[in-house]
Amino acid sequence: KKYFERTLEALIKANKVNPLEVDNHISLSLAYSFGAYQFDSRYSQAAKSELKQALKLEPYSAYSYYLLGSADLRSGFLAGAVKNLKNGKKKTHTD
C-alpha cells in the first residue's frame, strides 16, 4: 500500500501543477480505481470525480466515458453505467 500512496501523491501533485491536462485526471482516476479495488471502496468516488473533471475539460473523450461507465458498473450504479457507456459510444461513432 506504501507504493500506492506514493503514486497517489505524485499524481495529485501533477494534477495541481497542470489542472487542465486531461491525462492527469484520467491517470489519477485509474489510480483511485485500483485503490478502490485493492484497498478501500471509498476510492471509487474520487475516481469518478476525476473522470467528471476530465469530461469537463474534454467532453468528447470516449475513453473517459468508458472509464466512468465501468466505475459505475463496479459500484452497482447500472443506470449511470449504461448512460456513460452509451455516451462513450456516441463520441466514437463516425457516420
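For the structure itself, look to the data block above.
If you're wondering where the values come from, they're calculated on a predicted model, not measured in any experiment. (Residues numbered from 1 in each chain as written. Predicted model: local features only at pLDDT ≥ 70, side-chain atom pairs only at ≥ 80, totals over all residues. Heavy atoms only, no water.)

Undergrad: I'm lost on the overall build of the chain in this one. Help?
TA: Helices and strands together make up the secondary structure of the chain, namely five helices and zero strands. For the chain, the succession of helices and strands along the chain, N to C, is α-α-α-α-α. On C-alpha atoms alone, the chain measures out to a radius of gyration of 13 Å, which is about the 12 Å that the 2.2 N^0.38 rule sets for 95 residues. Taking the principal axes of the C-alpha coordinates as reference, the chain spans close to 45 × 30 × 15 Å. For the chain, with 95 residues in total, the buried portion stands at 37%. Look at the contacts in the chain between residues 6 or more apart in sequence, and 40% of them connect residues 24 or more apart. Accessible surface for the chain amounts to roughly 6400 Å². Of this, 55% is attributable to carbon and sulfur atoms. Across the chain, the centroid of the 15 positively charged side chains sits 5 Å from that of the 9 negatively charged ones. (Helix = DSSP H or I, 4+ residues; strand = E, 2+ residues; numbered from the N terminus. Rg over C-alpha atoms; globule rule 2.2 N^0.38 Å. Buried < 20%, exposed > 50% of the residue type's maximum accessible area, 1.4 Å probe, protein only. Contact = heavy atoms within 4.5 Å. Areas by Shrake-Rupley, 256 points an atom, 1.4 Å probe, with all protein chains shown as cover. Lys, Arg positive; Asp, Glu negative; His and termini not counted. Charge placed at Lys NZ, Arg CZ, Asp CG, Glu CD.)

Undergrad: Just checking my understanding: could you explain the pattern of salt bridges for this structure?
TA: Evaluation of the coordinates by the stated rule reveals two salt bridges. D40 is paired through a salt bridge with R42; the nearest N and O atoms lie 2.6 Å apart. Relative accessible area serves as the criterion here: at 22%, D40 is assigned to the partly exposed category. A relative accessible area of 66% means that R42 is categorised as exposed. Between K48 and D72 there is a salt bridge, with its nearest N and O atoms 3.1 Å apart. A residue pair is termed long-range when its members are at least 10 positions apart, and K48 in helix 3 (residues 43–57) and D72 in helix 4 (residues 62–74) qualify at 24 residues. Taken individually, K48 and D72 each receive the classification buried, so the pair is uniform in this respect. (Salt bridge = Lys/Arg side-chain N within 4 Å of Asp/Glu carboxyl O.)

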